[in-house]
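As a plain string of letters, each chain reads:
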Amino acid sequence: MAELAVLVGLQASGKTTFHERCLSGRHVLVSKDRFPRSARHKQARQMRLVEEALAAGLSVTVDNTNPSPEEWAPLVAAGRAHGARVTAYWFPPDLAGSLRRNADRPGRERVPDVGVHATLRRLRRPAPADGFDAVYDVRFDGRGGFEVRVAVADGPRQLSVDD
């Protein structure tokens, strides 16, 4: 079964690194960051790429901030329409850490701090009630990797990325 993985978090929260280290071998990456800055209709282009990959039976990672239901609802609908498992990977906000990592980004990869603050104001934790089959919390593990946890009826449990 194909999976649609929606990454949700601030800029420079580790989303792209998480995809590269944990999902890239199994998922096609779709990110508005990969479009030319001058590209028009980025949302429509993103949705077309997601739909094409899911229609081909491929798993997809959507690597954007996706801070609220307005951004992830069309993705959830697309995943459902193609019979994919729809998963949210939530990167809890660490404003100081994101600003520090963002400041280290080269040139055009750096987001103005005001953009990070604006995303924080809109950022909401996704939940199964939003249409996700699962919501995973993703945090840096302090050793260069990630700790992934899912909430279950008897409390959170740690998962390997392969679960």
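It should be noted that the structure appears before, not after, this text.
Here the residue numbering is sequential within each chain, running from 1 through the sequence in written order. Residue-level local features of this predicted model are given only where pLDDT is at least 70; pairs of side-chain atoms are given and counted only at 80 or more, and the full residue set underlies all totals for whole chains, interfaces and linings. Only heavy atoms go into the side-chain values, all of them from the structure, while hydrogens and water stay out.

**Concerning the environment of Ala53**
To keep it simple, the criterion reads: Here a helix means four or more residues in a row that DSSP labels H or I, a strand means two or more in a row labelled E, and each is numbered from the N terminus. The contact rule is simple, with two residues in contact once any of their heavy atoms fall within 4.5 Å.
Relative to the assigned elements, Ala53 resides in helix α2 (residues 42-55). It is 9.7 Å that separates the C-alpha atoms of Ala53 and Leu4, two residues lying 49 residues apart in sequence. Other than its neighbours up to four places away in sequence, Ala53 contacts Leu58 and Val60.

**Quick notes on the pairing of strand β5 (residues 134-140)**
Keep this limit in mind: Throughout, exposure labels follow a simple rule: accessible area from a 1.4 Å probe, protein chains only, divided by the maximum for the residue type, with under 20% read as buried, over 50% as exposed, and the rest as partly exposed. Each pair of strands is called paired provided DSSP finds at least two bridges between the two strands.
β5 sits mainly inside the fold: 5 of its 7 residues count as buried. Sheet topology places strand β4 (residues 85-90) next to β5; 4 bridges connect them, and they run parallel. Counterpart to Ala88 in the pairing with β5 is Val135.

**Brief notes about the pattern of salt bridges**
To keep things clear, this is the line we draw: Definition used for salt bridges: Asp or Glu carboxyl oxygen within 4 Å of a side-chain nitrogen of Lys or Arg.
A full pass over the atoms with the stated rule returns 8 salt bridges. The salt bridge partner of Asp137 is Arg125, with a shortest N-O separation of 2.7 Å. Of this pair, Asp137 sits in strand β5 while Arg125 sits in the loop between α5 (113-122) and β5, and the two are 12 residues apart along the sequence. The class of Arg125 is partly exposed, set by a relative accessible area of 34%.

**So, the environment of Trp90**
Mapping Trp90 onto the fold places it in strand β4. Spatially, the C-alpha atoms of Trp90 and Lys42 are 22 Å apart, while their sequence positions differ by 48 residues.

**Quick word on unusual backbone geometry**
At Ala12, a residue that is not glycine, the phi angle is positive and equals roughly 60°. Structurally, Ala12 is set in the loop between β1 (3-8) and α1 (15-23). For Ala12, a relative accessible area of 7% corresponds to the buried category. If you check the backbone angles, Asn66 has positive phi at about 40° while not being a glycine. Looking at the element boundaries, Asn66 is found in the loop between β3 (59-63) and α3 (69-81).

**So, the packing of aromatic side chains**
To keep it simple, the criterion reads: The pairing test for Phe, Tyr and Trp rings, Trp by its six-membered ring, is centres within 6.5 Å, and the orientation test on the planes gives stacked under 30 degrees, edge-to-face over 60, and tilted for anything in between.
A complete count under the given rule lists 6 aromatic pairs for this structure. Ring geometry for Phe18 versus Tyr89: centroids 5.3 Å apart, planes at 45°, classification tilted. Within this pair, whereas Phe18 is found in helix α1, its partner Tyr89 is found in strand β4, the two being separated by 71 residues in sequence. Measuring from centroid to centroid gives 5.6 Å for Phe18 and Phe91, while their planes differ by 75°, and the two rings are edge-to-face. Here Phe18 is found in helix α1, whereas its partner Phe91 is found in the loop between β4 and α4 (95-103), with 73 residues between them in sequence. Given the relative accessible area of 1%, Phe18 is considered buried. An aromatic cluster of at least three residues, connected via ring pairs, comprises Phe18, Tyr89, Phe91, Tyr136, Phe140 and Phe146.

Worth remembering: the numbers are spatial, not functional.
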